[in-house]
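# Working through the structure, step by step
Spelled out from the first residue to the last, the chains are:
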Amino acid sequence: MIYDAIVIGTGPAGSTAAFELARRGYRVLALEKKRHPRYKVCGGGLSVRLDNLLGRHYHTVVERTVTRLVITCNGESSFEVSFDAPLAYMTMRSRFDDHLICQAQEAGCDLRENEPAVEFNALEDSVLVRTPLGEYEGRTVIGADGAPSRVAKTLFPKNAIPLGVALESESAAAPGRSWPDDGLLIDVGIIRGGYAWIFPKSDHLSSGVATFRRGRQDPRLLYGQWGQGQPTLPPLEQQKIIGHLIPRFSPKAESLAGRRALLIGDAAGMVDPFLGEGIYYAVWSGRLAAEAVAGFLKEKTPLARYEEAVRNEIYPELWAASRIAGIVYRFPRLVFKLASRNPRWLAGYGKVLQGRRSYQELWRRGLDPRRWFK
């Protein structure tokens, strides 16, 4: 049997692409190296703008709804901003990813779990995918296998996506302490080129640090120092801290699409350069990929249409976000001081998370913050 598409990886990007193709009637195989629901290192924050792509069906796995931001600088000064509408939803990636892949299966996708793809051979009219359990042939291959993508390394060897690093802990609050269910904390100053966070979940807290600037700093040491000043968090020795790589947006990626293969989500470096949130762009790129593959299979339009769509639609957003992140992370104390004097400045960013404004609009208005509220 020859599949129309073989999707490698079933995170939000791969599951979205698989669903969109399966519901169109195409034969889709999804290969997952683990078994759902599987733990995934992730803060689990979903911006409300995701509703614009998925609708609200995924709200069944939402654990908390955030309407408040607590902003701190290097664990010292802080201020709080409340919003009259949700900014983000908190979930566990195990539940969220399982929900999406189940939806793809219901649409007709063939899922093989505990079966990692280990080798890819591009043939004349298809791609041969090998796993420890067998071989599969597909007319197209969609690489959705994350930051250390094997698809990218094999079929797009000239791509060089820079990587940052994050450390995360999922732990119960310290005894006698609690965190507001509707608030999240962001610290801009504890680590260069990134931030620290506390996100509320149903029965515990997600906390950690992330940086897009690797080099002369120790994220684990910085997280420990910062965490000691957070009374809500348990002692460091009681936390299980896990590290993972996060892609850094680079518009210089050699290619995202070949004759019969393409890259989506983290495998393509599509991560918000400001807060490192990749789920929204994973889903967005998964939908664009499905449209391109459907056009390729039905009308023989080249898969390059996908890359064109990404560069026209997604890249401008990521570019604007990277400009904003560059200012915030280069001058965290100055930005914190200015924002604390006028917390309404954060209203502009809130509208981005809510899907009411784009990063491009925020960047254009950024030279005159008074215009953010017009």
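Look up a bit, the structure's there.
Everything in this summary refers to the structure shown in the same document. Bear in mind the structure is a predicted one, so any value in this text is a computation, not a measurement. (Residues numbered from 1 in each chain as written. Predicted model: local features only at pLDDT ≥ 70, side-chain atom pairs only at ≥ 80, totals over all residues. Heavy atoms only, no water.)

## Looking at the nonpolar core
Short version of the rule: Among buried residues, the Ala, Val, Leu, Ile, Met, Phe, Trp, Tyr and Cys ones that are joined through side-chain atoms within 4.5 Å form a nonpolar core. For each residue, the accessible area found with a 1.4 Å probe, counting protein chains only, is set against the maximum for its type, and the residue is called buried under 20%, exposed over 50%, and partly exposed in between. Strands here mean DSSP runs of E at least two residues long; helices mean DSSP runs of H or I at least four residues long; both are numbered from the N terminus. Any pair of residues with heavy atoms lying within 4.5 Å of one another is described as a contacting pair.
Counting residues in each nonpolar core, the largest one holds 111 residues, and the members touching the most others are L50, Y306 and Y359. In terms of residue count, helix α6 (residues 279-299) provides more of this core than any other element does, 14 residues in total. Beyond its immediate chain neighbours, meaning those up to four positions away, Y306 contacts L256, A257, L262, L263, I264, M270, S285, L288, A289 and A292. Core analysis: the next-biggest nonpolar cluster, separate from the first, contains 15 residues, L167, L185, I191 and I198 among them.

## Some thoughts on the packing of aromatic side chains
Here is the rule we go by: Between 30 and 60 degrees the pair is tilted, below 30 it is stacked and above 60 it is edge-to-face, where a pair is any two Phe, Tyr or Trp rings, Trp via its six-membered ring, whose centres lie within 6.5 Å.
Considering all chains together, one arrives at 14 aromatic pairs under this definition. Where F274 meets Y349, the ring centres are 5.2 Å apart and the plane angle is 80°; that geometry is what we call edge-to-face. Linking F274 in the loop between β19 (261-263) and α6 with Y349 in helix α9 (residues 346-353), this pair joins segments that are 75 residues apart in sequence. The same class applies to F274 as to Y349, namely buried. Residues Y280 and Y281 carry aromatic rings whose centres are separated by 5.2 Å and whose planes lie at 80° to one another, so their mutual orientation is edge-to-face. The burial state of Y280 is the same as that of Y281; both residues are buried. Joined through ring pairs, the aromatic side chains of F274, Y329, Y349 and Y359 make up one cluster.

## Side note on the packing of helix α1 (residues 12-22) against helix α3 (residues 93-106)
Stated precisely, the cut-off is as follows: The convention used is that axes are lines fitted to C-alpha atoms, helices contributing only their stretch in contact, and that angles between N-to-C directions extend from 0 to 180 degrees. In these notes the angle categories are as follows: under 35 degrees is roughly parallel, over 145 is roughly antiparallel, 65 to 115 is roughly perpendicular, and the rest is oblique. The sense of a crossing depends on the near helix, which, turned anticlockwise from the far helix by less than a right angle, makes the crossing left-handed and, turned clockwise, makes it right-handed. Each residue is assigned to one of three groups, with Ala, Val, Leu, Ile, Met, Phe, Trp, Tyr, Cys and Pro labelled nonpolar, Asp, Glu, Lys and Arg labelled charged, and all others, Gly among them, labelled polar.
It is the contact of α1 with α3, at a shortest axis distance of 8 Å, that shows an interaxial angle of 15°. The pairing of α1 with α3 is recorded here as roughly parallel in orientation. The way α1 lies across α3 gives a crossing that is left-handed. Facing α1, whose interface residues are P12, S15, A18, F19 and A22, α3 presents R93, F96, D97, L100, I101, Q103 and A104. Taken together, the residues of the contact of α1 with α3 break down into eight nonpolar, two polar and two charged.

## Side note on α9
Of all eight residues in α9, seven are buried, a share of seventy percent or more. The complete set of buried residues in α9 reads L346, G348, Y349, G350, K351, V352 and L353. Looking one or two residues beyond α9, the residue adopting positive phi is G355, at roughly 80°.

## Quick look at the environment of T211
Mapped onto the secondary structure, T211 falls in strand β17 (residues 205-211). Each C-alpha atom, one on T211 and one on L128, is 37 Å from the other, the two residues being 83 residues apart in sequence.

## What about the layout of surface pockets?
With a probe scaled to a water molecule rolled over the atoms, the places where space remains empty come into view. Condition: Points on a 1 Å grid, built from protein atoms alone, make a cavity when a 1.4 Å probe fits but cannot get out and make a pocket when they are open with protein on both sides within 12 Å along at least 5 of 7 lines; residues with an atom within 4 Å of a point are the lining residues. Grid points are joined across faces, edges and corners, and a volume is the space filled by probe spheres set on the points.
In this structure, the second largest pocket encloses a volume near 340 Å³. Together, 14 residues line the second largest pocket, and F212, R248, S322, A325 and G326 are the ones closest to its centre. Partitioning the lining of the second largest pocket into residue classes produces seven nonpolar, three polar and four charged.

## Examining the packing of α1 against α6
Running from N to C, α1 and α6 cross one another at 35°; their axes reach a closest spacing of 7 Å. In terms of crossing hand, the pair formed by α1 and α6 is right-handed. Residues P12, A13, T16, A17, E20 and L21 of α1 form the contact with α6, whose own contacting residues are I279, A282, V283, G286, R287, A290, V293 and A294. Residues of the contact of α1 with α6, tallied by class, amount to ten nonpolar, two polar and two charged.

## Considering the sheet that holds β19
Operational definition: A pair of strands is labelled paired if DSSP reports no fewer than 2 bridges between them.
The five strands are arranged β9-β3-β2-β13-β19 in an open sheet whose pairing can be described as parallel. Strands at the two margins of the open sheet, each flanked by one partner only, are β9 (110-112) and β19. On average, each strand axis in the sheet is tilted by 20° relative to the strand beside it, whichever way the strands run. Pairing of strand β3 (residues 28-31) with β9, which is carried by three bridges, proceeds in the parallel orientation. Bridge pairing links A30 to L111 in β9.

## Quick notes on unusual backbone geometry
A cis geometry characterises the amide bond from H36 onward to P37, with omega recorded as -10°. By the element assignment, P37 lies in the loop between β3 and β4 (45-47). The phi dihedral of N74 is positive, around 60°, even though this residue is not glycine. A positive phi angle, close to 65°, is found at K300, a residue other than glycine. As for its placement among the helices and strands, K300 is situated in the loop between α6 and α7 (304-330).

Any functional reading would require information that these geometric values do not contain.
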